[in-house]
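Report on the structure
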Amino acid sequence: SEIGVYEMRSSGLIEIPNPSEILISPDLENLSGVAVSATLEGIRPILIEIQALVGNSAYATPQRSATGFDLRRLGMLLAVLEKRANFKLSMKDVFLNIAGGIRVDDPASDLAVVAAILSSAVDIPVGKDICFAGELGLSGEIRPVNRIEKRISEAQKLGFKRIMISRHSKKGIETGNFKIKIDLVSKLQQIPKLLFG
């Protein structure tokens, strides 16, 4: 599927058949600021853990830092959160990290990034049984992403009970093929209520 993942051991390079398992912490239940994204590397679906830390700024200019994620895209997502969801982050430090030391360029990770930031800001865990796949537009709409069925299959294979995707992806999905619960969202404003009640 275009990409291979290997680990260097004393005996040499060993292929990792399911990289998603090593990129996600085994216990996410009580951790705020953590969300899982169903991304694609080439055509191979991989689930990755996105970590966010939001806190009060100790300086006049809040810090924005991203490891493994485009800093300009992070700035855009924060601006959309402020404008469309009325979530005040302009005076907060925001740190973002992609676990496992990999770099993510897939726009489908937007939804998980937003979920992780919201979770850290309110200090409520997202839940270990949910993952995300959706692109966030400037008007706050959740846009569909390609190869959605592959992403859903990977989430189901790893034991996730729910996946949150764009409502506009529904046309390309045979929902009867999946046991995982599929949450369809169309706007950013729906996400806090779905995640935290």
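These notes cover the structure that comes with them. Everything quoted here is computed from the prediction, not taken from an experiment.

Leu81, Ile117 and Phe132 are the most contacted members of the largest nonpolar core, which has 36 residues in total. Top contributing element to this core by residue count: helix α3 (residues 110-122), with eight residues. For Leu81, the contacting residues outside a window of four places in its chain are Asn86, Phe87, Leu89, Val114, Ile117, Leu118 and Leu188. In terms of nonpolar packing, the next biggest core, distinct from the first, is built from 18 residues, Ile24, Val36, Ile152 and Phe160 among them.

This part covers the environment of Asp110. Within the element layout of this structure, Asp110 appears in helix α3. Expressed as a C-alpha distance, the spacing of Asp110 and Leu77, which sit 33 residues apart in the sequence, is 7.5 Å. In contact with Asp110, other than residues within four places in its own chain, are Phe69, Arg73, Leu77, Gly134, Glu135 and Leu136. Of the polar contacts made by the side chain of Asp110, one reaches the side chain of Arg73; its length is 2.5 Å.

Okay, the sheet that holds strand β11 (residues 181-185) next. The mixed open sheet is built from seven strands, whose spatial order is β5-β6-β4-β3-β7-β10-β11. The open sheet has two edge strands with one neighbour each: β5 (64-67) and β11. In this sheet, neighbouring strand axes are inclined to one another by 25 degrees on average, regardless of whether the strands run parallel or antiparallel. Sitting on the sheet, helix α2 (residues 71-84) touches β5 and β6 (92-98), and the angle it makes with β5 is about 125 degrees.

Before going further, it helps to examine the pattern of salt bridges. As enumerated under the stated definition, the model contains nine salt bridges in all. In this structure, Glu154 and Lys157 form a salt bridge, with 3.3 Å as the shortest nitrogen-oxygen distance. With Glu154 and Lys157 both in helix α4 (residues 148-157), this residue pair falls three residues apart, about one helical turn. Given a relative accessible area of 7%, Glu154 falls into the buried group. When its relative accessible area of 56% is taken as the criterion, Lys157 is described as exposed. Linked by salt bridges that have partners in common, Arg73, Asp110 and Glu135 make up one network.

With that out of the way, let us pick up unusual backbone geometry. Even without a glycine there, the phi angle at Asn86 is positive, about 55 degrees. Along the chain, Asn86 falls in the loop between α2 and β6. For Asn86, a relative accessible area of 55% gives the class exposed. The phi dihedral of Arg147 falls on the positive side, at around 50 degrees, and the residue is not glycine.

Procedures and definitions
Residues numbered from 1 in each chain as written. Predicted model: local features only at pLDDT ≥ 70, side-chain atom pairs only at ≥ 80, totals over all residues. Heavy atoms only, no water. Core = buried A, V, L, I, M, F, W, Y, C linked by side-chain atoms within 4.5 Å. Buried < 20%, exposed > 50% of the residue type's maximum accessible area, 1.4 Å probe, protein only. Helix = DSSP H or I, 4+ residues; strand = E, 2+ residues; numbered from the N terminus. Contact = heavy atoms within 4.5 Å. Polar contact = N/O pair within 3.5 Å; in protein donor to acceptor, adjacent residues only side chain to side chain. Pairing = 2+ DSSP bridges. Axes fitted to C-alpha atoms, helices over the stretch in contact; angles between N-to-C directions. Salt bridge = Lys/Arg side-chain N within 4 Å of Asp/Glu carboxyl O.

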